[in-house]
Amino acid sequence: MTDAGTPEPATGTARARPLQRLEHIDAKNTVLVPVLAVVSALVVGAIIVAATDIDRLQHGAFGGIATNILDAYKALFVGAFGSWTGISETLVFATPLLLTGLAVALSFRSGLFNIGATGQMLMGGMAAVWIGFTMNGPGIVQIPLAMLAGIAGGMVWGGMIGVLKARTGAHEVITTIMTNYIALALVTWMLKTTAFKQPGPSGNPISKAIANEAHLPKLLDFVRPGLRANIGFLVALAAAVGVWWLFRKSKLGFELRTVGANPDAARYAGMRIGTLTVVAMALSGGLAGLAGAVNILGTNRQMTTSFAGDIGFDAIAVALLGRNTSVGTVLAALLFGALEAGKTRMQLDADVPLDLVLVVRALIVLFIAAPLLTRMIWRIKAEGGGLGLSFRGWGS
Amino acid sequence: MIETPLAHLGDTSAAGPRTFAERRRARNMGITYLVLAVITAVFLTGHDGTAMFKLDDGRSFSLPAQTTAWVAVAMFSVLAGGALWRGYGKLTNAVLALVTVTLLMTFLSWSAAGTSFSLIGVLVSTVGYPTPIVIGAMSGIICERSGIVNIAIEGLLLNGAFMAVFIGSVTTFWIGVLAAMVTSALLAWLLAWLAIRFKVDQVIVGFFINFFVLGLTNFLSKRLFVEHQNWNYVGTLRPLKIWGLHSIPVIGPILFEQTVYVYVAWLLVFGLTWLLFRTRWGLRTRSVGEHPRAADTLGINVVRLRYRNVIIAGAIAGFGGSWFASNVGQFNQNMTGGRGFIALAVVIVGRWKPIGALCAALVFGLFDSLGNKLATLHTGIPSEFISMLPYLATVVVVCGFVGRSRGPKAAGQPYDSQ
């Protein structure tokens, strides 16, 4: 069950024997199952579209249903990749998904369930927007400062969960769910205070806009000005490399993986479980906070209460689909970003409600989280492939 | 925080053998009461005047704000002394309840000083509002007591709400309720099937169900209800007066003029308490949740019992979801609005006991109706802080600050029967 999370031999020996490392790559489980999971989810999504097409079903227009489904998926693809605008939007949506996905993947590999990416992203966003509207450039100083503030905001919010877990044994699943709601209430209140609230008569909880200097530079200006994609995506990619480096090359990453795979073994090896729990949650929260900062500086420009949405769940989906690896998370985030970017087009062109994308994403999680089910449906013979992660009770 | 089994041996105080955890809890409670006394003295003694609390039929009573506050301060200090000195043993929870009620009354007389306040309205909605939370929590308790973690209460409730509206509009209300129960039971079966047969992590399956249902009900409500608006109307349910009991002063309107859902919820709570702790089914369920291996050795079919209980729990949650249909009369996207997660919190705060969960739900219901009420009283306390309280309380309880909240030991772990 635990092949994804088992600590491989220390990196030195792994480098000395590259062939041994190759054996760890299990093509069926790491490539085939995720691809088939996406295909299965799209097939089930198509069945749902067909079964709810009351008008065509009544008239027996089964050909019409089939073309409608094909149109919908084609529009989804064209909306995401068919134009520079589509590609730009895909990158924009993929950026926070990638960062929060990395946050969740990092916690998963350390044996923790971080369901609180939403709250950590909100806190990071608050910190970043405050730097964003109180300062006025220069960008070279303000942008990194705002990002650091975002990381710090998320780190505090996430690290707090780690402290609670390490000191009192409070299970992080329940504390992260609860602190998500606390963060939302806190942000709603702060956005109504004079320190944050946008000037004007509107009573809506919306913050002041950040300074022009703090806007992230655009990524695709050389193609056409006005495309929203910004260097936030590169920041996210850099974070992915950072996480890869952490788990592959650093002592801390090795310790985190060991705790994640087998806390008892880690304790007997003299690792400090409590400290590592706090560090893992703080790092995870920091990544989610960075997602908030990048969203504020890159696209949103001001803080609203709905700005993080339900990203915590999407982040879990991205991490699972990416099998908790950096490369996988990048690909998964791009896929989910594409679904997000293409869904409006799907609703316009094919008259299929855009909420289908939420259903498809949930189904992808199902088929990824249940590799046995996916393998049973597609009749693949392979061993292992579990997530290397299991809920170990509510703690006592 | 390692508790050694020998920790109490060094303790020879007059209070008798108390465990380390009990002493720590008594200390924490004492400190909490002291802090409350200070907070009351500093913040709640400032308002002069009398607050009038209106009950039904023109009855009312008044509290002088300042005097009430000082009485409360004195009481909290004495109770804190008692807690720090030797603790209250079995009375700990009763003392906690007393302090909570006093604090609330002090707070209310402070915020309503010089005006009047309809206490009866607040209490009626305190009992009525948390109905889906109570029913959802019963569903969660059955699942977790059998060793399956149920994060999916939210999804099961939302599905129940949708199906009750949709099928109820096409047919009649109670057939809609039946459909809600059947479909939520099916979803719960899916949870059990994935958790037991495929050993998928139960937290992940729970989240899958929540978001699958959210996406699907959003999708279906756009796809079906936009063109066929008559499919999205079931009408609301009237309160049902219990003959004879509803005319009792004060208590009657609070407890016996509610909808049928409230009565069913209370029946579920007391029925489930009896079933869990007094019947063979209950003993088997608890043993499967605590130590499935031992239960298996004694000839209990662990897997079958888990399936059956989770499916029953799903039907209960579906029924709870149909409350939204009866309350609003139509379906709105995401109309459960996180109440399934409050139900989960209630399960934990109530320590996996039905009556504990009911008490927690009522306290949360009180917070909620107070939050709505305070907005009209202009106390200067942001309503966000009131709405934050249930979640904050949950974190405090999970951290073991007011006594350890320990779940069924085998919850979340797949069972291999070899």
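Everything quoted here is computed from the prediction, not taken from an experiment.

Moving on to the overall build of chain A. Of regular secondary structure, chain A possesses 17 helices and 0 strands. Across chain A, the fraction of contacts at a sequence separation of at least 24, relative to all contacts at a separation of at least 6, is 74%. Accessible surface for chain A amounts to roughly 16200 Å². Of this, 66% is attributable to carbon and sulfur atoms.

The helix and strand tally for chain B stands at 16 helices and 5 strands. By the compact-globule yardstick of 22 Å for 418 residues, chain B fits well, its C-alpha radius of gyration being 23 Å. Projected onto the principal axes, the alpha-carbon positions of chain B cover approximately 60 × 60 × 40 Å. Contacts in chain B between residues far apart in sequence, at least 24 positions, make up 75% of those at least 6 positions apart.

A separate point is the interface of chain A and chain B. Counting residues at the interface gives 58 residues for chain A, matched by 52 residues for chain B. Note on chain A versus chain B: buried area summed over both sides is about 4700 Å², and carbon and sulfur give 77% of it. For the pair chain A and chain B, the interface holds 3 salt bridges. Listing elements by their share of the side of chain A that touches chain B, those giving two or more residues are helix 3 (27-51), helix 4 (54-58), helix 8 (139-168), helix 9 (172-190), helix 14 (311-321), helix 16 (356-369) and helix 17 (371-378) of chain A. Looking at the side of chain A that touches chain B residue by residue, the classes come out as 39 nonpolar, 11 polar and 8 charged.

So, about the sheet that holds strand 1 (residues 50-54) of chain B. All names here are of chain B. Spatial ordering of the open sheet is given by 2-1-3, a layout of 3 strands whose pairing is mixed. Here the strands that pair on one side only, and so sit at the sheet edges, are strand 2 (60-64) and strand 3 (116-118). Strand-to-strand twist across the sheet, computed as the mean angle between neighbouring axes with direction ignored, equals 25 degrees. Alignment of strand 1 against strand 3, held across 3 bridges, turns out to be parallel.

Side chains of a nonpolar character, in soluble globular proteins, are inclined to be buried together. Formed by 200 residues in total, the largest nonpolar core has its most connected members in B:Leu194 and B:Phe208. Here the element with the most residues in this core is helix 8 (residues 202-225) of chain B; it accounts for 14 residues. Beyond its immediate chain neighbours, meaning those up to four positions away, B:Phe208 contacts A:Phe313, A:Ala362, A:Leu363, A:Val365, A:Leu366, B:Leu190 and B:Leu194.

All names here are of chain B. If you walk through the whole model with that rule in mind, you get 23 aromatic pairs over all chains. Consider the rings of tryptophan 189 and tryptophan 193, whose centres lie 5.4 Å apart with planes at 15 degrees: the pair is stacked. Taken together, the residues tryptophan 189 and tryptophan 193, both in helix 7 (residues 173-196) and 4 residues apart, mark about one turn of the helix. Looking at tryptophan 189, the relative accessible area reads 34%, which means it is partly exposed. Since its relative accessible area comes to 22%, tryptophan 193 is described here as partly exposed.

A separate point is the confidence of the model for chain B. Atomic detail in the predicted coordinates should be set aside for any region of low pLDDT. Taken as a whole, chain B shows an average pLDDT of 83; of its residues, 92% reach a score of 70 or greater. Every residue in residues 1-16 of chain B is under pLDDT 50, and counting partners more than four places away or in other chains gives 16 contacts.

Before going further, it helps to examine unusual backbone geometry. With a phi close to 70 degrees, A:Arg301 is a non-glycine residue in the positive phi region. One non-glycine residue, B:Lys199, lies in the positive phi region at around 55 degrees. Relative to the helices and strands, B:Lys199 is located in the loop between helix 7 and helix 8.

All names here are of chain B. Split into domains, chain B comes out as domain 1 (7-121) and domain 2 (129-398). Listed by partner, the interface residues are 13 residues for domain 1 and 12 residues for domain 2. Taken together, both faces of the contact between domain 1 and domain 2 bury some 1100 Å²; the carbon and sulfur share is 79%. For the interface between domain 1 and domain 2, the tally reads 0 salt bridges. At the boundary of domain 1 with domain 2, the tally comes to 0 residue pairs in polar contact (both at pLDDT 80 or more). Counting only elements with at least two residues in the side of domain 1 that touches domain 2, the list comes to helix 3 (92-111) and strand 3. With 5 residues, helix 3 is the largest single contributor of residues to the side of domain 1 that touches domain 2. Here the side of domain 1 that touches domain 2 is built from residues that sort into 7 nonpolar, 3 polar and 3 charged.

Note on pairing: side chains with opposite charge can pair once their charged atoms come close. All names here are of chain A. Taken as a whole and judged by the stated rule, the model has 12 salt bridges over all chains. Close ionic contact of glutamate 255 with lysine 251 constitutes a salt bridge, the shortest N to O distance being 3.6 Å. Of the two residues, glutamate 255 and lysine 251 both sit in helix 11 (residues 251-261), 4 residues apart, roughly one turn of that helix. With a relative accessible area of 18%, glutamate 255 lands in the buried category. With a shortest N-O distance of 2.9 Å, aspartate 349 and arginine 345 are connected by a salt bridge. In this pair, aspartate 349 and arginine 345 are both assigned in helix 15 (residues 326-350), 4 residues apart and thus about one turn of the helix distant.

On to the side chain of A:Thr118, then. Structurally, A:Thr118 is set in helix 7 (residues 117-134). With residues near it in sequence (within four places) discarded, A:Thr118 still touches A:Asn180, A:Ala308, A:Gly309, A:Asp310, A:Ile311 and A:Gly312.

So, how was this worked out
- Residues numbered from 1 in each chain as written.
- Chains lettered and ligands numbered in written order.
- Predicted model: local features only at pLDDT ≥ 70, side-chain atom pairs only at ≥ 80, totals over all residues.
- Heavy atoms only, no water.
- Helix = DSSP H or I, 4+ residues; strand = E, 2+ residues; numbered from the N terminus.
- Contact = heavy atoms within 4.5 Å.
- Areas by Shrake-Rupley, 256 points an atom, 1.4 Å probe, with all protein chains shown as cover.
- Rg over C-alpha atoms; globule rule 2.2 N^0.38 Å.
- Buried area = accessible area lost by both parts, 1.4 Å probe.
- Salt bridge = Lys/Arg side-chain N within 4 Å of Asp/Glu carboxyl O.
- Nonpolar A, V, L, I, M, F, W, Y, C, P; charged D, E, K, R; others polar.
- Pairing = 2+ DSSP bridges.
- Axes fitted to C-alpha atoms, helices over the stretch in contact; angles between N-to-C directions.
- Core = buried A, V, L, I, M, F, W, Y, C linked by side-chain atoms within 4.5 Å.
- Buried < 20%, exposed > 50% of the residue type's maximum accessible area, 1.4 Å probe, protein only.
- Phe/Tyr/Trp six-rings, centres within 6.5 Å; stacked < 30°, edge-to-face > 60°.
- pLDDT = per-residue confidence, 0-100.
- Domains from an automatic or database assignment.
- Polar contact = N/O pair within 3.5 Å; in protein donor to acceptor, adjacent residues only side chain to side chain.

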